[in-house]
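In case you want the letters, here they are:
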Amino acid sequence: MKALLLLLLLAQLCSPSLVPEREKDPEYWRGQAQETLRDALRLQRLNQNVAKNLILFLGDGMGVSTVTAARILKGQLQNRKGEESLLEMDKFPYVALAKTYNTNAQVPDSAGTATAYLCGVKANEGTVGVTAGVTRDRCNTTKGQEVTSILRWAKDGGKAVGIVTTTRVTHATPSAAYAHSANRDWYSDGEMPPDALEGGCRDIARQLVENIPDIEVGMGTRPLGTWAGASQRWDHQGYGLELARDGKGTTQGWGQAGRGGRWAMPRGGGGRGGRCRAVPGAAGGRIDHGHHEGKAKQALHEAVELDRAIGLATRLTSPQDTLSVVTADHSHVFTFGGYTPRGNPIFGLAPMQSDVDRKPFTSILYGNGPGYKIVAGERENVSAVDFAHANYQAQSAVPLRQETHGGEDVAVFARGPMAHLLHGVHEQNYIPHAMAYAACIGSNRAHCNAAARPAATILLPFLALLFLLC
Ligand SMILES: *[C@@H]1O[C@H](CO)[C@@H](O)[C@H](O)[C@H]1NC(C)=O
Ligand SMILES: *[C@@H]1O[C@H](CO)[C@@H](O)[C@H](O)[C@H]1NC(C)=O
Ligand SMILES: [Zn+2]
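Residues numbered from 1 in each chain as written. Chains lettered and ligands numbered in written order. Predicted model: local features only at pLDDT ≥ 70, side-chain atom pairs only at ≥ 80, totals over all residues. Heavy atoms only, no water.

1. What to know about the confidence of the model for the protein
With 77% of its residues at a pLDDT of 70 or more, the protein shows a mean pLDDT of 82. Every residue in residues 222-283 scores below 50 in pLDDT, and together they form 141 contacts with partners more than four places removed in sequence or on other chains. pLDDT under 50 marks residues 451-470. Its contacts with residues more than four places away, or in other chains, come to 83 contacts. (pLDDT = per-residue confidence, 0-100. Contact = heavy atoms within 4.5 Å.)

Encoded structure:
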């Protein structure tokens with residue numbers, strides 16, 4: 001029986017339809033490798049320009065297994081086998097790995113990691129924009145422990161900044177850009193314990209409008225918390241979002257963050273005369289939410305959407321003056337395997353049955369999560385269910401209402417000025433230091449006036465910092 005299965009598998013693997021015709025010719029692979037080699041040799045000429053624009057794309061929960069599966073999905077959505085296709089982020093010339101642990105957690109959360117990749121210091125889980133000296137929930141430990149983010153460094157460097165997100169702007173991931181809080185869940189004053197309010201800690205929504213009073217672009221698909229500043233107006237309309245900012249009258253933006261939508265700021269930065277044209281055009285990255293629910297299909301479609309947004313943004317910018325970085329805050333216990341043949345539908349079954357319980361299994365599985373299912377004392381027989389459905393929860397080894405984050409490194413893709421600074425295995429908090437160096441903002445400006453880098457003297461007034469995420 002086993003031998004027969006193996007034979008069937010081999011026959012399947014060797015059948016002509018599995019292997020694209022051109023891939024049978026060794027010249028195809030040699031030519032492709034030579035082209036890659038030529039591209040790699042060209043990288044010896046480093047791009048040491050000063051970055052005029054910085055763009056950080058953050059896929060919340062977009063671990064490496066998610067990136068690979070999203071690549072296959074993207075190809076299969078274009079009726080190809082999938083494995084050979086290229087994500088937009090795959091085209092970035094430099095890739096590094098980031099170690100994502102929080103100061104008090106081996107497997108991190110989005111708040112501690114956001115503090116790392118936005119503020120440049122590692123922190124405890126559940127805290128945003130503060131040092132590791134701050135204990136979660138303890139308002140009285142925060143005083144003097146606030147750390148600023150690259151958004152502030154850019155603002156102080158006279159740049160225009162923005163945050164674009166597909167979740168609330170007050171969610172842990174974007175909030176580390178402007179807030180300092182001992183608890184990521186203190187969205188509004190109504191959500192804070194009395195001792196924190198009495199201790200003078202401010203809710204995150206309030207900090208959004210008070211700490212960086214002139215964010216040029218700010219978008220989220222959900223309304224802010226209950227706090228409403230007098231001089232700002234945030235409107236949200238249906239699935240998309242329209243944003244207007246009154247107050248000093250510095251910003252007028254409109255946008256739609258809906259699926260497939262586009263947004264643009266005809267005249268961003270008001271008095272600065274900056275121009276902003278960015279097109280996230282995507283529902284973007286609720287990758288994390290999909291995985292937590294064990295709904296791989298939702299997570300992977302979100303990752304493909306994020307990638308589409310990356311493509312649009314890279315087509316609107318030049319690597320000569322724009323440093324683009326794509327990364328994730330952390331991974332998930334998401335995997336796919338089972339010796340699937342080439343071109344196997346990414347949401348499909350492995351070509352074999354378990355040799356223990358004799359049942360089929362999907363290639364995609366989770367280490368833990370809500371997909372754990374026992375039927376009549378045994379693992380569920382997935383051939384009897386619609387495992388390709390958008391809401392299907394892939395099987396997991398351990399039952400949990402919410403699937404958990406994963407602890408392995410995440411990828412960091414980089415393109416543009418100084419992208420080569422992201423080149424190895426780094427601590428996650430290194431990312432904004434490298435980006436700030438490239439743009440001559442923050443504490444890394446000493447090198448900017450060097451004669452070798454004349455471009456430093458013509459720093460242009462607009463710097464966009466966009467986050468698509470989470
Ligand atoms: C800080 O606040 C916590 C309650 O959140 C309390 O237990 C602790 O005693 C306080 N510490 C100081 C030094 O006031
Ligand atoms: C699993 O379900 C399929 C389709 O309903 C059925 O043909 C197969 O016999 C089942 N396998 C086991 C081990 O129950
Ligand atoms: Zn999460």
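That was the structure; now back to the text.
2. Concerning the site of ligand 1
In the neighbourhood of ligand 1, the contacting residues comprise R138, N140 and D195. A distance of 2.4 Å is found between an oxygen atom of ligand 1 and a side-chain nitrogen or oxygen belonging to N140. D195 is positioned with one of its side-chain polar atoms (N or O) 3.2 Å from an oxygen atom of ligand 1. Protein contacts shield 32% of the accessible area of ligand 1, which totals 360 Å² for the unbound molecule. (Near = heavy atom within 4 Å. Polar contact = N/O pair within 3.5 Å; in protein donor to acceptor, adjacent residues only side chain to side chain. Areas by Shrake-Rupley, 256 points an atom, 1.4 Å probe, with all protein chains shown as cover.)

3. Digging into the layout of surface pockets
Gaps left between atoms show up when a probe the size of a water molecule is rolled over them. Approximately 1000 Å³ is the volume found for the largest pocket. Taken together, 26 residues make up the lining of the largest pocket; nearest its centre are T36, D39, D90, K91 and P93. Ranked by residues supplied to the lining of the largest pocket, first place goes to helix 2 (residues 26-42) with eight residues. Looking at the lining of the largest pocket residue by residue, the classes come out as 11 nonpolar, five polar and 10 charged. (1 Å grid on protein atoms, 1.4 Å probe; cavity = no way out; pocket = protein on both sides within 12 Å on 5 of 7 lines; lining within 4 Å. Points joined across faces, edges and corners; volume = space filled by probe spheres on them. Helix = DSSP H or I, 4+ residues; strand = E, 2+ residues; numbered from the N terminus. Nonpolar A, V, L, I, M, F, W, Y, C, P; charged D, E, K, R; others polar.)

4. Re the pattern of salt bridges
Enumeration over the complete set of coordinates arrives at 24 salt bridges. R342 is the salt-bridge partner of E84, the closest N and O atoms lying 2.8 Å from each other. In this pair, E84 sits in the loop between helix 3 (64-77) and strand 2 (94-99) while R342 sits in the loop between strand 9 (334-336) and strand 10 (349-353), placing the two residues 258 residues apart along the sequence. A relative accessible area of 22% places R342 in the partly exposed class. Among the salt bridges present, the one from R206 reaches E210, with a minimum N-O distance of 2.9 Å. On the criterion of helical spacing, the pair formed by R206 and E210 is a turn pair, its members being four residues apart in helix 8 (residues 204-211). Here the salt bridges share partners, and the residues they tie into one network are E23, R80, E83, E84 and R342. (Salt bridge = Lys/Arg side-chain N within 4 Å of Asp/Glu carboxyl O. Buried < 20%, exposed > 50% of the residue type's maximum accessible area, 1.4 Å probe, protein only.)

5. As for the coordination of the zinc ion (ligand 3)
Binding of the zinc ion (ligand 3) to the protein goes through D288 (OD), D288 (OD), H292 (NE2) and H405 (NE2), at separations of 2.0 to 2.5 Å. Classification of the site at the zinc ion (ligand 3) rests on its four donor atoms, whose angles at the metal span 55 to 147°, yielding the label irregular. The sequence motif formed by the donor residues of the zinc ion (ligand 3) is D-x3-H-x112-H. Pair noted here: D288 and H292 are both in helix 9 (residues 287-292), with a separation of four residues, about one helical turn. Both residues of the pair, D288 and H292, count as buried. (Donors = N, O, S within 2.8 Å, 3.2 Å for Na, K, Ca; no water. Tetrahedral: all angles 85-135°; square planar, octahedral: opposite > 155°, others 65-115°.)

6. What to know about the site of ligand 2
In the region of ligand 2, the neighbouring residues are R358, K359, N381 and S383. Side-chain polar atom of N381 to an oxygen atom of ligand 2: 2.3 Å apart, as the coordinates give it. Taken together, the residues that form the shell around ligand 2 break down as no nonpolar, two polar and two charged.

7. Comments concerning the state of the cysteines
Simply put, the disulfide is a covalent bond whose two ends are the sulfur atoms of two cysteines. One pass over the full model with this rule turns up two disulfides. Across the disulfide, C139 is cross-linked to C201 (sulfur-sulfur distance 2.1 Å). Looking down the S-S bond of the C139 and C201 bridge, the torsion is 100°, so its handedness is right-handed. Residue C139 is found in the loop between helix 4 (110-119) and helix 5 (150-156), and its partner C201 is found in the loop between helix 7 (194-198) and helix 8; the two are separated by 62 residues along the sequence. For C201, a relative accessible area of 13% gives the class buried. The residue that forms a disulfide with C440 is C448, at a sulfur-sulfur distance of 1.9 Å. Because the sign of the S-S torsion sets the handedness, a value of about -110° for the bond joining C440 and C448 places this disulfide among the left-handed ones. Look at C448 and you get buried, because its relative accessible area is 5%. When the bonded cysteines of the protein are counted from the start of the sequence, the pairing works out to 1-2, 3-4. (Disulfide = S-S within 2.5 Å.)

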